[in-house]
Amino acid sequence: MTSPEPNDEEIEKALRRLKPGSLPISLRDRLARLDPSSTTTREPEAATVDWLRLLIRFVIPGMAAAIVAGTLFFPSSSVEQANIPQPQPPSKTIAAAETDIIFTPIETNQVVLAAEELAILPEPDNRPVQLMRVRVLDYERARAEDGSELLVATPREQVIPVTLTAY
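Peer 1: Hey, could you run me through a nonpolar patch on the surface in this one?
Peer 2: On the surface, a nonpolar cluster with roughly 930 Å² of combined accessible area is contributed by Trp51, Leu52, Leu54, Leu55, Ile56, Phe58, Val59, Ile60 and Met63. Tracing the backbone through its elements, the reader meets Leu52 in helix α4 (residues 44–73).

Peer 1: Can you help me understand the pattern of salt bridges in this one?
Peer 2: Pairs can form between side chains of opposite charge once their charged atoms are near each other. Inspection of the entire model under this criterion finds 10 salt bridges. In this structure, Glu116 engages Arg135 in a salt bridge whose closest nitrogen and oxygen atoms are separated by 3.7 Å. A residue pair is termed long-range when its members are at least 10 positions apart, and Glu116 in strand β1 (residues 103–122) and Arg135 in strand β2 (residues 128–144) qualify at 19 residues. The partly exposed category is assigned to Arg135, whose relative accessible area is 32%. One salt bridge connects Glu157 with Arg133, and the closest N-O pair in it is separated by 3.2 Å. A residue pair is termed long-range when its members are at least 10 positions apart, and Glu157 in strand β3 (residues 149–163) and Arg133 in strand β2 qualify at 24 residues. Look at the salt bridges and you will find they share partners, linking Glu107, Arg141, Arg143 and Glu149 into a network.

Peer 1: Please clarify how the side chain of Asp138 should be interpreted in this entry.
Peer 2: Here Asp138 shows up in strand β2. In this structure the side chain of Asp138 is engaged in a polar contact, spanning 2.4 Å, whose partner is the side chain of Arg156. Apart from the residues within four sequence positions on either side, Asp138 is in contact with Asn109, Gln110, Val152, Ala153, Thr154 and Arg156.

Peer 1: For this particular structure, what's the right way to read the side chain of Gln130?
Peer 2: With respect to the helices, strands and loops of the structure, Gln130 is situated in strand β2. With a relative accessible area of 10%, Gln130 lands in the buried category. Among the polar contacts made by the side chain of Gln130, one reaches the side chain of Glu117 at a distance of 3.2 Å. Those residues in contact with Gln130 that lie beyond four places of it in its chain are Glu117, Ala119, Ile120, Ile160, Pro161, Val162 and Leu164.

Peer 1: Is there a simple way to think about the sheet that holds β2 in this case?
Peer 2: Strand order in this open sheet of 3 strands is β1-β2-β3, and the pairing throughout is antiparallel. The two strands at the open ends of the sheet, each matched to only one other strand, are β1 and β3. The average undirected angle you get between the axes of adjacent strands in this sheet is 15 degrees. Pairing geometry for β1 and β2, over 17 bridges, is antiparallel. Counted as the bridge partner of Glu107 is Arg141 from β2.

Reading the values: the criteria
Residues numbered from 1 in each chain as written. Predicted model: local features only at pLDDT ≥ 70, side-chain atom pairs only at ≥ 80, totals over all residues. Heavy atoms only, no water. Patch = residues over 30% accessible without salt bridge, like charges linked within 9 Å, V, L, I, M, F, W, Y side chains within 5 Å. Areas by Shrake-Rupley, 256 points an atom, 1.4 Å probe, with all protein chains shown as cover. Salt bridge = Lys/Arg side-chain N within 4 Å of Asp/Glu carboxyl O. Helix = DSSP H or I, 4+ residues; strand = E, 2+ residues; numbered from the N terminus. Buried < 20%, exposed > 50% of the residue type's maximum accessible area, 1.4 Å probe, protein only. Polar contact = N/O pair within 3.5 Å; in protein donor to acceptor, adjacent residues only side chain to side chain. Contact = heavy atoms within 4.5 Å. Pairing = 2+ DSSP bridges. Axes fitted to C-alpha atoms, helices over the stretch in contact; angles between N-to-C directions.

Given below as structure tokens:
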């Protein structure tokens, strides 16, 4: 059994025939007495919101696009290498002019500078293994026969697997 519902076209025709009613005279008089400029003025907060919207919508994405374009088109100028002087090996002429100095190792040590977890993975026998990135400073102190000392420091980084025990 179907319900007697009007057709969509009939509803549209009925809606087109409807007209809004007129405002009461007292309401029209009150609205006419109001100053229209006072209702359309913006408060300072609204102007700030407009600038903020402009900034969020256009300026920030534009700056991000400019940075990306700059790094893609000018990679060498955007990333500056640190000016760290590299130690130069002694030249052969100076070493030949002086007598050879033999250094005897006195102390060798390793210092862990940083360690961070990378991942936990299962081994083939399903035991968990944690991968750790470790930054180490190896240094060796040596002394020559004339009493001078030499300190050699070498930073290195390695990934170490650590087998975890499950209880």
